[in-house]
Amino acid sequence: MKYISTRGNYQAVEAAEAIRTGMVPTGGLFVPEEIPVFSLAEIQEMAGKEYQEIAFQVLEKYLTDFTAEELKEAIGLAYSRSKFPVAEVVPLYALDQNQYLMELWHGPTAAFKDIALQLMPQLLIRAIKKAELDREIVILVATSGDTGKAALEGFKDLPGVKIIVFYPAEGVSKIQELQMTTTDGNNTFVVGVKGNFDDCQTAVKTIFADQDLKKLLASKGYQFSSANSINWGRLVPQLVYYFSSYARLLKNGLLGQGEKINIVVPTGNFGNILAAYYAYRMGLPVNRFICASNDNNILTDFFQTGIHDTRRDFKKTISPSMDILISSNLERFLFEITGRDAGKIKQWYQDLKEEGKFEIDRETLNEIQAIFSGDYSSEEETIKTIKETYEQYQYTLDPHTAVAVDVYNKYKAKNHDDTVTIIASTASPFKFAETVLQALGQGEIDNAKPEHLEDLQKISGLEIHPGLRDLGDKKVVHKRIAYNEQIEKEILDILQIR
Ligand SMILES: *Cc1c(COP(=O)(O)O)cnc(C)c1O
């Protein structure tokens, strides 16, 4: 299987190269040359399989230049019991007969990004080996909180790689900061940056584009790379749980063969819901996708009007991992839904760059609306949903999942659609303890501290997530703090150059 650009501006490359490169160097994103398909019988057979086996079945269709041995080894390391200490890598929780929460947060850092960031680094080091690069890879990550820790856990102690994470020193919660600064491993580095996330991200992007620095690094045997969510290597692991969850419902007799489901996803960069759409194109029976946003609701407007207008203010919300104005992976979706019309994609993304907006044609909008709905949940509604879901089902939602549940409730009230529905649950409530405690009537908490986790444990009846337990007692091993302008100096210092 080769990978081509959504903008038709690059040669086809093998999967290993797409994973090593991340983004198409000339602009655009890598997509598979064709979408492989499973028969209904093959999907039915998944009911008898383990998560790891289904993962292999999906990966081998896309990563054809990796050997079966390489894939199995990578999958085994990523989804071992020590990384996901639960009976199933992705358990389903039944709210009732028709609604299932797909819990994607049982990995090391309590957020759904673990699923991709446990496997992607394993794929990346194997992809690097194939190219016989004799350089050490330096992964640079700018994070607003969740991605940093998930990437640190995915890359720690991997041979031939160093990872450096930059986070805004005043822009993350105490728990998120402790998660990062207490990370062990012989190749992990964490730097707090004085400034906000945008400053942090811009500084890292500038470093990626700095050709002189690139040359200097190369002369010392290093090369930068990224663990960004637009990398195909982060997307393909996410297809797996849509199949495994469907198979689980089949196995338990909750679905008939070929019965369609609805899928609801709290959306930020559009990676998770795009993976669901690829699973559908591979044969997964889906009736409707419901794209849930928070107050940053560009996608809601887009699905309703076909106009994608980014000329608006960025809002900081209680579901911060969905605070985003431009959802990068939407580009892949538009490429697929237009029947792979690279010309249209190129035009729309040029409009976006020049005018801050684009508008799709009526025909494409009809295609989209036939299968996608979009809506959003305000801050107040999200809080209310956490409270009401707790009262009705004794289940504690994190704010991101609550956005999805609220949007689904609105959809159901409007459409009276009783199709069996899977709702992606993207974070453990412990990860956002301050908001959840507040929603459950425990008063104002500004910045959650480890002791708040115990309060939440008492109220929710859940065990504190193992990745967050005893955080207060762990040793802070990363103490680097830098100003924006010093990020480059910091990197050179870490790599002991000069
Ligand atoms: C990243 C993230 C999301 C958004 O997922 P996308 O794939 O970027 O759409 C939602 N919830 C949580 C908790 C996340 O960490």
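Everything numeric in this text was worked out from a predicted model, so none of it was measured.

Cut-offs applied
- Within each chain, residues carry numbers counting from 1 in the order of the written sequence.
- Selection of residues for local features in this predicted model requires a pLDDT of at least 70, selection of side-chain atom pairs for listing and counting requires 80 or more, and totals for whole chains, interfaces and linings are taken over all residues.
- Side-chain numbers come from the whole structure's heavy atoms, not from hydrogens or water.
- Elements are defined by DSSP. Helices are runs of H or I of four residues or more, strands are runs of E of two residues or more, and each kind is numbered from the N terminus.
- Burial classes: relative accessible area under 20% of the type maximum marks a residue as buried, over 50% as exposed, and values in between as partly exposed (1.4 Å probe, protein chains only).
- In protein, a polar contact requires one atom able to donate a hydrogen and another able to accept it; more generally it is a pair of N or O atoms within 3.5 Å, and residues adjacent in sequence count only if both atoms are side-chain atoms.
- What makes two residues a contact is simply this: any of their non-hydrogen atoms within 4.5 Å.
- By the criterion used throughout, a crossover qualifies as right-handed when its path from the first strand across the helix to the second strand runs clockwise, the strands pointing away from the viewer.
- In this scheme, strands are said to pair when DSSP sees at least two bridges between them.
- Only heavy atoms are used to decide nearness, and a residue is near a molecule or strand if one of them lies within 4 Å of it.
- Note on geometry: axes are lines fitted to C-alpha atoms, helical ones only across the stretch in contact, with angles between N-to-C directions running from 0 to 180 degrees.
- Definition used for salt bridges: Asp or Glu carboxyl oxygen within 4 Å of a side-chain nitrogen of Lys or Arg.
- Orientation is classified from the angle alone, with under 35 degrees giving roughly parallel, over 145 giving roughly antiparallel, 65 to 115 giving roughly perpendicular, and any other angle giving oblique.
- Note on convention: near helix rotated counterclockwise from far helix by under a right angle means a left-handed crossing. Clockwise means right-handed.
- Note on residue classes: Ala, Val, Leu, Ile, Met, Phe, Trp, Tyr, Cys and Pro are nonpolar, Asp, Glu, Lys and Arg are charged, and everything else, Gly too, is polar.

Q: Account for the side chain of His400, naming residues and giving values.
A: Its location among the elements puts His400 in helix α17 (residues 399-415). Given the relative accessible area of 3%, His400 is considered buried. There is a polar contact of 2.7 Å between the side chain of His400 and the side chain of Asp398. Beyond its immediate stretch of four places on either side in the chain, His400 contacts Pro266, Ser319, Pro320, Ser321, Met322, Thr426 and Phe432.

Q: Please give an account of the pairing of strand β11 (residues 286-293) that cites residues and values.
A: Looking along a regular strand, one sees the side chains alternate between the two faces of the sheet. β11 sits mainly inside the fold: seven of its eight residues count as buried. Taken together, strand β10 (residues 261-266), helix α11 (residues 271-281) and β11 constitute a β-α-β crossover, and its handedness is right-handed. Relative to strand β14 (residues 372-376), β11 runs parallel, the two being bridged by five bridges. Note that in β14 the partner of Cys291 across the bridge is Gly374.

Q: So, the site of the ligand: which residues are in play, and what are the values?
A: Contacts to the ligand come from 15 residues, most closely from Lys113, Gly268, Asn269, Asn272 and Thr426. Within the backbone of Asn272, a nitrogen or oxygen atom sits 2.9 Å from an oxygen atom of the ligand.

Q: Any chance you could break down the sheet that holds β14 for me, citing the residues and the numbers?
A: Overall, mixed pairing links the six strands, which are arranged β4-β5-β15-β10-β11-β14 in an open sheet. Of all strands in the sheet, those with a lone pairing partner are β4 (92-94) and β14, marking the two edges. For this sheet, the mean angle separating the axes of adjacent strands, direction not counted, is 25 degrees. Judged from the five bridges that link them, strand β5 (residues 99-103) and strand β15 (residues 421-425) form a sheet pairing that is parallel. Pairing of Glu103 across the sheet is with Ser425, part of β15. Sheet contacts for α11: β10, β11, β14 and β15; angle to β11, the most-contacted strand, approximately 170 degrees.

Q: I'd love a proper account of the pattern of salt bridges, names of residues and values included.
A: For side chains of opposite charge, pairing can occur when their charged atoms come near one another. What the rule picks out here adds up to 21 salt bridges. Among the salt bridges present, the one from Lys431 reaches Asp146, with a minimum N-O distance of 3.1 Å. One end of the pair, Lys431, is in the loop between β15 and α18 (433-439); the other, Asp146, is in helix α6 (residues 146-155), and 285 residues separate them in sequence. With a relative accessible area of 2%, Lys431 lands in the buried category. When the shortest N-O distance is used, the salt bridge between Asp406 and Lys410 registers 3.4 Å. Taken together, the positions of Asp406 and Lys410, both in helix α17 and four residues apart, correspond to about one turn of that helix. Using a relative accessible area of 10% as the deciding quantity, one classes Asp406 as buried. Judged by relative accessible area, which is 25%, Lys410 ranks as partly exposed. Three or more residues are tied together by salt bridges with common partners; here these are Lys149, Glu153, Lys156 and Asp184.

Q: Which residues make up the packing of helix α5 (residues 113-130) against α6, and what values do they have?
A: Between α5 and α6, the least distance of the axes is 8 Å, while the angle of their chain directions is 40 degrees. As far as their axial angle goes, α6 and α5 are oblique. Between α5 and α6 lies a crossing whose hand is right-handed. Residues Lys113, Asp114, Leu117, Gln118, Met120, Pro121 and Leu124 of α5 lie in contact with α6, whose contacting residues are Thr147, Ala150, Ala151, Glu153, Gly154 and Phe155. Partitioned by chemical class, the residues of the contact of α5 with α6 number seven nonpolar, three polar and three charged.

Q: Describe the sheet that holds strand β1 (residues 2-5), with residues and values.
A: One key point about sheets: their strands pair by backbone hydrogen bonds, in either a parallel or an antiparallel sense. If you trace the three strands from one edge of the open sheet to the other, you get β2-β1-β3, paired in antiparallel fashion. In this open sheet, the two strands that pair with only one neighbour each are β2 (13-14) and β3 (30-32). Seen against the sheet, helix α13 (residues 330-337) touches β1 and β3 and runs at an angle of roughly 40 degrees to β3.

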